[in-house]
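As a plain string of letters, each chain reads:
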Amino acid sequence: DFPFYNFSSNQLLTKNLKKISTRIELQGKPDRLKGFVELREKDHPQNRFRLNTNIERLYAASRRIRGSFQLKDLYGFYDLNITPSELAATINCPAGLFGRLHLDMAKNGLLEGKFHLKDLNIRPLLSDSLLSGKLRMLGQLNGNFELSNTIYDPVLKAKLQGDKFVFNKVGYYQAQLSVLA
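What you see is a predicted model, and the numbers here were worked out from it, not measured in a lab.

Time to look at the overall build of the chain. Scanning the chain for helices and strands turns up two helices and eleven strands. Each helix and strand of the chain, ordered N terminal to C terminal, gives the series α-β-β-β-β-β-β-β-β-α-β-β-β. For the chain, with 181 residues in total, the buried portion stands at 27%. Across the chain, the fraction of contacts at a sequence separation of at least 24, relative to all contacts at a separation of at least 6, is 26%. Accessible area of the chain: about 12,000 Å², with a carbon and sulfur share of 57%.

In structure tokens form, the structure reads like this:
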């Protein structure tokens, strides 16, 4: 159980990290490591995040990390390319989430990210929560969200639409949400 909370002085972050148990397994040579990282809530171990990973050239200036992830019942794939001056990432979930993120430290932490949701059913994310018993069918999310500005002063812009929401066998609801933060 790795104490990630020791790496932050932010009390809110530290408090939440103390609630999480971690398990990390890596094997292989430094130029090609394989393994996983798993995070679970200590009080609710069914709430977990798992990252399967392949790390290439661990000690080189340019590294590539790729693999798959699982957040409750949502599965997907990621690919990270890391150099001393930038990080480039892609994410792809067959269930309907995909996007790209770019962080350029040579340009004072310039941040650019675009993510898209297409018919993403969010019920798998709630499958083990108290809400799932009250939601007989949960609909789909569509839309986009973007990250911009810098890592030190990020801006989030999102426009999401929800469709086919049914709560306790009542209604057929649609929702829209726009955010600029």
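Now for the packing of aromatic side chains. Tallied over the entire structure, the rule returns two aromatic pairs. An angle of 20° between the planes, with centres 5.1 Å apart, marks the rings of Phe-115 and Phe-145 as stacked. Of this pair, Phe-115 sits in strand S8 (residues 110-121) while Phe-145 sits in strand S9 (residues 140-150); the two residues are 30 residues apart in sequence, bridging distant segments of the chain. For Arg-50, the ring lying beneath its charged end belongs to Phe-36, and the centroid distance is 3.8 Å.

A complete count under the given rule lists nine salt bridges for this structure. Arg-66 serves as the salt-bridge partner of Glu-56, at 2.7 Å between the closest nitrogen and oxygen. Here Arg-66 lies in strand S4 (residues 63-71) and Glu-56 lies in strand S3 (residues 48-56), a separation of ten residues in the sequence. Several salt bridges share partner residues, and in doing so they unite Arg-32, Glu-56, Arg-57 and Arg-66 into one network.

Counting through the fold element by element, Asn-47 comes out in the loop between strand S2 (32-41) and S3. Of the polar contacts made by the side chain of Asn-47, one reaches the side chain of Glu-41; its length is 2.9 Å.

With that out of the way, let us pick up the pairing of S4. For a regular strand, side chains alternate in direction, first toward one face of the sheet and then toward the other. For S3 and S4, the ladder comprises eight bridges, and the chain directions are antiparallel. Across the sheet, residue Asn-52 finds its bridge partner in S4, namely Ser-68. Hairpin connection, S3 to S4: the antiparallel pair is bridged by six residues, and Arg-57 has positive phi, about 60°. As paired elements, S4 and strand S5 (residues 74-82) share nine bridges and run antiparallel to each other. Its bridge partner being in S5, Arg-66 is matched across the sheet by Asp-79.

Conventions used here
- Residues numbered from 1 in each chain as written.
- Predicted model: local features only at pLDDT ≥ 70, side-chain atom pairs only at ≥ 80, totals over all residues.
- Heavy atoms only, no water.
- Helix = DSSP H or I, 4+ residues; strand = E, 2+ residues; numbered from the N terminus.
- Buried < 20%, exposed > 50% of the residue type's maximum accessible area, 1.4 Å probe, protein only.
- Contact = heavy atoms within 4.5 Å.
- Areas by Shrake-Rupley, 256 points an atom, 1.4 Å probe, with all protein chains shown as cover.
- Phe/Tyr/Trp six-rings, centres within 6.5 Å; stacked < 30°, edge-to-face > 60°.
- Lys NZ or Arg CZ within 6 Å of the ring centre and 35° of its normal.
- Salt bridge = Lys/Arg side-chain N within 4 Å of Asp/Glu carboxyl O.
- Polar contact = N/O pair within 3.5 Å; in protein donor to acceptor, adjacent residues only side chain to side chain.
- Pairing = 2+ DSSP bridges.

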